[in-house]
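This is what each chain is made of:
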Amino acid sequence: MLKSLRIQNFKAWKDTGEIRMAPITLFFGANSSGKSSIGQFLMMLKQTVESPDRKAVFYPGGPNSAVQLGSYKEMVFGRNPKNIIEFEYTWSSFGTLRFKDLILGEIYSGDELAFQSKVELEKNQRAPTPIVDSLIYRLFEQGESTLSTEMKRTPGAKTRYQVAAANYHLVRKIGRPWSPGAPVRFYGFPDEVVAYYQNADFVKDLNFQHEKLYRSIYYLGPLRTKAERLYSWSGVEPDSVGFSGENTVAAILAAKDRWISLGPRKWNMLLEEIIALKLVEMGLIDDFEIKPISEQRQEYEVKLKTKLSADWVDLPDVGFGISQVLPVLVQCFYAPPGSIVIMEQPEIHLHPSAQSVLADVMIDVIKSRENYSDRKIQLIIETHSEHFLRRLQRRIAEDLLPQEKVSAYFAKATGKQLVLEPLDIDSFGNIRNWPEHFFGDEMGDIMEQAEAALQRQMEQEGPAPGGNE
């Protein structure tokens, strides 16, 4: 789970400032306010980690990628190639990381990792490419730093790096005069570091934990695929519902034996039963099922019952909002324990009352358990829904959702720069620093409506008897 995040010189952001990441982290803001860029940055790093090209510092994406960011110049702040993209974050998803100094025999351990990196455009090339200027790992145990190690580029040299450590004495191997090569992608210590030092094996653990972090991230975009009458499934278990929800039905079928509870002391339910329950609670349907069209074919149909139909109907024959929210529900409960789910506008095409219930669903997600253990799901949500936020505020006030489980930010333009303003939510669910025009000028509209109504009423009634015309 991510604990904090900060991004500098990326797209419209000069500096996001430090973002506190909670189990439910929300980003609000007007269109083109930069809030989407935060999720895009994390997805770009995920794409890079999963790219087969170990030398590419960033992989901006291709035709089938979640995000496509173009060249370094296109993604850097102000499109100024002289700017350096800097980022840092902390996370704890690995339990306790423990390793031994092979020289001194000391044991090092930690329950949280912090990472910081600086990436710039190589200036001394005919075709400049991004290059890592420095990267730093810090290991913490109960908030105290136990170890720090870094790679830093020698000025003016593309592939010459120096490795250093704090609270740990690196011992160089005899007869190894060369410097370690460039980092792997934006985060990794190369194999040469292990060959260069007698006791640097632990850097491989740091690399692995980083890769594990990004393998746990899943993304669902704002526009999901349209409903189909028939869905093919060959028995393959998809990693996720897909960027557009294209694997939603396959995910439900693949999880036919997964039992999940919606919190401590709650009954275990099959994933399909949970999805049906949540659709009912949102007032979208009365019943839900997926069934094969025949035993000889690998094709399935999604059938629903609604308040307007006593018979079963196909998914395309009901409201568009159902097909849009179905991938949201499935991804949240289908994701493996320890997952980070990034979603854009999960409430799209939903009635306000359903948007409110969707917030309750998200609370169930972060409380859910599987195999008698917390699933520890983290949700990073970009939304425009006031009803979604209001329901979370209500649950905090009702003491059904701990205040610290929610972190919310409002992206706004201040002058020529964007600012990410944290919303100060107290233990009673109140937002102490409600931004001006957060969800439009509601009070202004009410006042203007009242004034216009009064004026029209006066015009329709005409002048008072005996009055001057």
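Residues numbered from 1 in each chain as written. Predicted model: local features only at pLDDT ≥ 70, side-chain atom pairs only at ≥ 80, totals over all residues. Heavy atoms only, no water.

A. Spatial organisation of the nonpolar core. If you look at the biggest cluster of nonpolar residues, it comprises 70 residues, and the most contacted ones within it are Leu26, Phe288, Phe333, Leu358, Met362 and Leu379. Leu26 has contacts with Ile381, Phe388, Leu389, Leu392, Val406, Ser407, Ala408 and Tyr409, leaving out every residue within four places of it along the chain. If you look at the next biggest cluster of nonpolar residues, it comprises 67 residues, including Val67, Tyr89, Trp91 and Leu420. (Core = buried A, V, L, I, M, F, W, Y, C linked by side-chain atoms within 4.5 Å. Buried < 20%, exposed > 50% of the residue type's maximum accessible area, 1.4 Å probe, protein only. Contact = heavy atoms within 4.5 Å.)

B. Broad picture of the confidence of the model for the protein chain. Of all residues in the protein chain, 94% have pLDDT values of 70 or greater, and the mean over the chain is 90. The secondary-structure element of the protein chain with the lowest mean pLDDT is helix 10 (residues 442-461), recorded at 70, while strand 5 (residues 85-91) shows the highest, at 98. (pLDDT = per-residue confidence, 0-100. Helix = DSSP H or I, 4+ residues; strand = E, 2+ residues; numbered from the N terminus.)

C. Representation of the pairing of strand 22 (residues 378-382). Strand 22 sits mainly inside the fold: 5 of its 5 residues count as buried. Burial along strand 22 is two-sided: the face carrying Gln378, Ile380 and Glu382 and the face carrying Leu379 and Ile381 are both buried. In this structure, strand 19 (residues 340-344) lies alongside strand 22, joined through 5 bridges in parallel fashion. Following the sheet pairing, Glu344 is matched in strand 22 by Glu382. (Pairing = 2+ DSSP bridges.)

D. Geometry of empty space enclosed by the protein. Scanning all chains against the criterion turns up 1 cavity of 30 Å³ or more. By volume, the largest cavity amounts to about 70 Å³. In this structure, the largest cavity is lined by Phe27, Lys35, Ser36, Gly39, Gln40, Tyr219, Ile342, Met343, Glu344, Ile380, Ile381 and Glu382. Going through the elements one at a time, helix 1 (35-50), strand 19 and strand 22 are the ones with two or more residues in the lining of the largest cavity. Considering each element in turn, the lining of the largest cavity owes the most residues, 4 residues, to helix 1. Grouping the amino acids of the lining of the largest cavity by side-chain chemistry returns 6 nonpolar, 3 polar and 3 charged. (1 Å grid on protein atoms, 1.4 Å probe; cavity = no way out; pocket = protein on both sides within 12 Å on 5 of 7 lines; lining within 4 Å. Points joined across faces, edges and corners; volume = space filled by probe spheres on them. Nonpolar A, V, L, I, M, F, W, Y, C, P; charged D, E, K, R; others polar.)

E. Highlighting the packing of helix 1 against helix 4 (residues 202-215). Their axes nearest at 9 Å, the elements helix 1 and helix 4 cross at an angle of 125 degrees. Relative to helix 4, the element helix 1 is oriented oblique. Regarding helix 1 and helix 4, the two cross each other, and that crossing is left-handed. Contact residues: helix 1 offers Leu42, Leu45, Lys46, Val49 and Glu50, while helix 4 offers Glu211, Tyr214 and Arg215. By residue class, the composition of the contact of helix 1 with helix 4 is 4 nonpolar, no polar and 4 charged. (Axes fitted to C-alpha atoms, helices over the stretch in contact; angles between N-to-C directions. Parallel < 35°, antiparallel > 145°, perpendicular 65-115°, else oblique. Left-handed = near helix turned anticlockwise from the far one by under 90°.)

F. Structural context of the packing of helix 6 (residues 271-281) against helix 7 (residues 320-334). Put simply, helix 6 and helix 7 touch, their axes get as near as 10 Å, and they point 135 degrees apart. With respect to each other, helix 6 and helix 7 are oriented oblique. Crossing of helix 6 against helix 7: the hand is right-handed. The segment helix 6 lies against helix 7, with Leu271, Ile274, Ile275, Lys278 and Leu279 engaging Val325, Leu326, Leu329, Val330, Phe333 and Tyr334.

G. How the structure looks around the environment of Arg395. Its place among the elements puts Arg395 in helix 9 (residues 386-397). In the structure, Arg395 is positioned 360 residues away from Lys35 in sequence and 25 Å away in space, judged by C-alpha atoms.

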